[in-house]
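These are the residues of each chain, in order.
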Amino acid sequence: MVSSSGSPRVDAESDYMRARRHQVLSALAARLRNDTEDVQAMSFDEVVAALGRRGEHYVGTKVIPLDAIVGSVDKARDFDRRFRPTSRTSRERWERLARASRTGEVIPPIDVYQIGDYYFVRDGHHRVSVARSLGVDLMEARVTAIETFLAPVGIEDRADLELKYWRRIMLQRVPFTGEARAAVAVDEPTDYGVIAETVEAWATRTMHAEGAYMDKQTMAKRWYAEEFKPVVKMIEEAGVRGDDERPAAAYLRIAGERYRLIREHEWNAEVMAAVSKGRRKRRRPES
């Protein structure tokens, strides 16, 4: 519960100084942990660029939880993830809103974009900042929902956004669906680009051999069924997938090793044996 001295002006000044002090301490702690990006409010444009924008629609005015407000459309550098001000440039405006909130004045709704369960402020940054400082949990907002190409989940920091960005690029080039979409997942962002190039190269060789064209949807389905699943099964049977290695990452590693060792695009028991033997030799400790 926020305390009161009986003077809204003095209390508003204290509110601001408390918010700034907490922001500075949080930023210092983050710097010591070497994760300074995690304390900055998320950028709406960066999130949309990673997930891909499909459309939008106006939801209306509703009450939203302040904890779900994670970023800003154009002031991501002015507030941290908990919407504490990162500088003193807007102190007068901040304190004026704090006094108004403490004296019971009506605070108009803010304007936000909604992406999944996350909200990004279009207008009303200082209102959000003051409300959080005063311990408010809910706030009225005019909401516009954004539809995205990728599901807006698991985007807690910028590392997540990079992974989402590369996955989106891959899925737009190779439109996996269903089981295949879930299976072809990696932890290294640029591996998604390698997967896309690998699938397209496989499709080119296949079309040349068959003398027939295949569209993107057919390419994705056939590569997963005719190449990825059988090869992953062979990798598992050969025991060459790492304990924590995703199947798609193992496929890329083994496929790259196969071509490096024998300049071969085919898969069979002899090829897998050669790859497995080469892998064991490389991992032998130096004497």
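Everything discussed here concerns the structure shown above.
Residues numbered from 1 in each chain as written. Predicted model: local features only at pLDDT ≥ 70, side-chain atom pairs only at ≥ 80, totals over all residues. Heavy atoms only, no water.

## Observations concerning the sheet that holds strand 4 (residues 110-115)
The line we're drawing: By the convention used here, strands pair only if DSSP detects at least 2 bridges between them. Numbered from the N terminus, helices here are DSSP runs of H or I no shorter than four residues, and strands are runs of E no shorter than two.
Judged by pairing direction, the sheet is mixed, and its six strands sit side by side in the order 1-3-5-4-6-2 without closing on themselves. One side of each edge strand has no neighbouring strand; the edge strands of this open sheet are strand 1 (42-43) and strand 2 (53-65). The pairing of strand 4 with strand 5 (residues 118-123) spans five bridges and is classified as antiparallel. Within strand 5, the position partnered with Val112 by the bridge is Val121.

## Details of the packing of aromatic side chains
By convention here, two paired aromatic rings are described through the distance between centres and the angle between planes. Selection rule: Side-chain rings of Phe, Tyr and Trp (the six-membered ring for Trp) are treated as a pair once their centres are within 6.5 Å; stacked means planes under 30 degrees apart, edge-to-face means over 60, and tilted covers the remaining angles. Burial status follows relative accessibility: with a 1.4 Å probe on protein chains alone, a residue under 20% of its type maximum counts as buried, one over 50% as exposed, and anything between as partly exposed. When the NZ atom of lysine or the CZ atom of arginine is within 6 Å of a ring's centre and also within 35 degrees of its normal, the charge is said to sit over that ring.
Per the counting criterion, the structure on display carries 10 aromatic pairs. Summarising the aromatic geometry, the rings of Tyr224 and Phe228 are spaced 5.6 Å apart at their centres and angled 20° between planes, so their arrangement reads as stacked. Here Phe228 and Tyr224 lie together in helix 8 (residues 216-238), a separation of four residues that amounts to about one turn. We classify Tyr224 as buried; its relative accessible area is 10%. Through a chain of ring-to-ring contacts, three or more aromatic side chains come together here, namely Phe176, Trp223, Tyr224, Phe228 and Tyr251. Sitting over the ring of Tyr113, Arg53 keeps its end group 5.8 Å from the ring centre. Taking the ring centre of Tyr113 as reference, the NZ or CZ of Arg122 above it sits at 4.4 Å.

## A closer look at the pattern of salt bridges
Here is the rule: The rule for a salt bridge is simple: a side-chain nitrogen of Lys or Arg has to be within 4 Å of a carboxyl oxygen of Asp or Glu.
One pass over the structure, following the stated rule, counts 18 salt bridges. One salt bridge connects Arg84 with Asp80, and the closest N-O pair in it is separated by 2.8 Å. According to the relative accessible area criterion, Arg84 is buried, its value standing at 17%. Its relative accessible area of 2% is what places Asp80 among the buried residues. Sharing partners across several salt bridges, the network here consists of Asp11, Asp15, Arg18 and Arg102.

## Examining unusual backbone geometry
One non-glycine residue with positive phi stands out, namely Phe83, at about 60°. Checked against the element boundaries, Phe83 lands in the loop between strand 3 (69-72) and helix 3 (91-102). Taking relative accessible area as the criterion, Phe83 reaches 1% and is therefore assigned buried.

## Some thoughts on the environment of Ala141
Definition in use: Note on contacts: a residue pair qualifies if any of its non-hydrogen atoms lie within 4.5 Å across the two residues.
With respect to the helices and strands, the residue Ala141 is situated in strand 6 (residues 138-148). When its relative accessible area of 0% is taken as the criterion, Ala141 is described as buried. Spatially, the C-alpha atoms of Ala141 and Pro108 are 8.5 Å apart, while their sequence positions differ by 33 residues. Residues in contact with Ala141, not counting those within four places in the same chain, are Gly60, Thr61, Lys62, Ile64, Pro109, Ile110 and Val112.

## Thoughts on the packing of helix 2 (residues 44-51) against helix 5 (residues 158-173)
Put simply, the rule is: In this analysis an axis means a line fitted to C-alpha atoms, helices contributing only their contacting stretch, and an angle means the value between N-to-C directions, from 0 to 180 degrees.
As a packed pair, helix 2 and helix 5 sit with axes 7 Å apart at the nearest point and diverge in direction by 35°. Note on element contacts: helix 5 touches helix 2 through Arg158, Leu161, Lys164, Tyr165 and Arg168, opposite Glu46, Val47, Ala49, Ala50 and Leu51.

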